[in-house]
Amino acid sequence: MGMNISKGQKADLTKNNAGLRSVLVGMGWQANSAIDLDTAAFLLGAGGKVAGDADFVFYGNARHASGAVEHIAAPAGGDKQQVRVDLAAVPASVEKIAVTATIYDADAHRQNFSQVAGAYIRVLDAASGAELLRYDLGQGFSVETAIVVGELYRYKGEWKFSAVGAGFSGGLEALCKNFGVEVGEGQGAAPPAPPVAPRPAGFPISPADASSPVLPADFQRRTMLVPSPGAERISTPAPASATRRSIESAIPRRPGWAVAA
């Protein structure tokens, strides 16, 4: 059993675990069939911003181009969702990885994180499965529909974890804006992509699908992603980016995705 930390606390990962290369960041919560949670990871550079859309790893863009961060299926009976991070492979330009949770279609269902019980995040050694640390979020939320749960970050050549627990009331849209992607409304969204065959319920997403990110349906209907004003964009814009094309396309949310059982 690893150490338990509280909101605002930080803990060493690699410094106290010689040879640690890859970790699993798992999230869980008490089962509630009425609330559908999604987790995601944002790879952030200087100033806490993403360099491009591909640095947003979630159920529709399950694997980062570097291979360092991957959204994977959690084992039965354990965490609800997991993110695998190969610490040694994270690009040098990435200073931290923010792990987040959002309630799908929260506004339509009038839901928020005050209704989510038993939420936690934990970090495990991917090689041995040993739990290194755990952060229980508690019940200190009210109107929030999205949370930055924790962050993996570099410090003097070592990796650490910070228990953040910062909430947003704007769901996925608020998170995207916070991390450097402005969500514009009604600004000439790209035409819908060709129909995509439904994926069988659950995971996994294969590496071949990793270039086809799909945002939740309510997010797609109302918005499109455009560069944040004044922000330096490192990635090449569409049409070269398959990631951007498919985010802007109105592809329905994949059926059967990670509903809390």
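Just above sits the structure.
What you see is a predicted model; the values in this text were computed from it and never measured. (Residues numbered from 1 in each chain as written. Predicted model: local features only at pLDDT ≥ 70, side-chain atom pairs only at ≥ 80, totals over all residues. Heavy atoms only, no water.)

J.: Go over the environment of Met27 with me, naming the residues and quoting the values.
T.: Along the chain, the position of Met27 falls in strand S3 (residues 22–28). Beyond its immediate stretch of four places on either side in the chain, Met27 contacts Thr39, Asp79, Lys80, Gln81, Val99, Thr100, Ala101, Tyr120, Ile121 and Val149. (Helix = DSSP H or I, 4+ residues; strand = E, 2+ residues; numbered from the N terminus. Contact = heavy atoms within 4.5 Å.)

J.: Now, about the sheet that holds strand S4 (residues 37–44): what can you tell me, with residues and values included?
T.: Paired through their backbone hydrogen bonds, the strands of a sheet run either parallel or antiparallel. Read from one edge to the other, the open sheet built from six strands follows the order S2-S12-S11-S8-S4-S5, with strand pairing classed as antiparallel. The outermost strands of the open sheet, each flanked by one partner alone, are strand S2 (10–12) and strand S5 (56–57). In this structure, strand S11 (residues 146–155) lies alongside strand S12 (residues 158–168), joined through nine bridges in antiparallel fashion. Pairing of Arg154 across the sheet is with Trp159, part of S12. (Pairing = 2+ DSSP bridges.)

J.: Got a sec to walk through helix H2 (residues 171–178)? Specific residues and values, please.
T.: Since one α-helical turn is 3.6 residues long, residues separated by three or four positions face the same way. Among the residues making up H2, those that are buried are Gly171, Leu172, Leu175 and Cys176. On an axial view of H2, the arc spanned by its buried residues comes to 150 degrees, and they lie on one face. Just beyond H2, the residue with positive phi is Gly180, at close to 100 degrees. (Buried < 20%, exposed > 50% of the residue type's maximum accessible area, 1.4 Å probe, protein only. Arc of directions from axis to C-beta.)

J.: Tell me about empty space enclosed by the protein, residues and numbers included.
T.: Applying the stated rule across the entire model yields three cavities of 30 Å³ or more. Of the voids in this model, the largest cavity is the one considered here, and its volume is about 70 Å³. Asp38, Ala40, Tyr59, Thr102 and Leu172 are the residues nearest the centre of the largest cavity, which is lined by 11 residues in total. A total of three residues in the lining of the largest cavity trace back to one element, the largest contributor, which is S4. (1 Å grid on protein atoms, 1.4 Å probe; cavity = no way out; pocket = protein on both sides within 12 Å on 5 of 7 lines; lining within 4 Å. Points joined across faces, edges and corners; volume = space filled by probe spheres on them.)

J.: Requested: an account of the pattern of salt bridges, with residues and values cited.
T.: Applying the stated criterion across every chain yields a total of eight salt bridges. Among the salt bridges present, the one from Glu151 reaches Lys96, with a minimum N-O distance of 3.5 Å. Placement of Glu151 in strand S11 and of Lys96 in strand S8 (residues 96–103) is noted, with a sequence separation of 55 residues between them. With relative accessibility at 14%, the residue Glu151 sits in the buried group. Between Asp136 and Arg134 there is a salt bridge, with the nearest N and O atoms lying 3.1 Å from each other. (Salt bridge = Lys/Arg side-chain N within 4 Å of Asp/Glu carboxyl O.)

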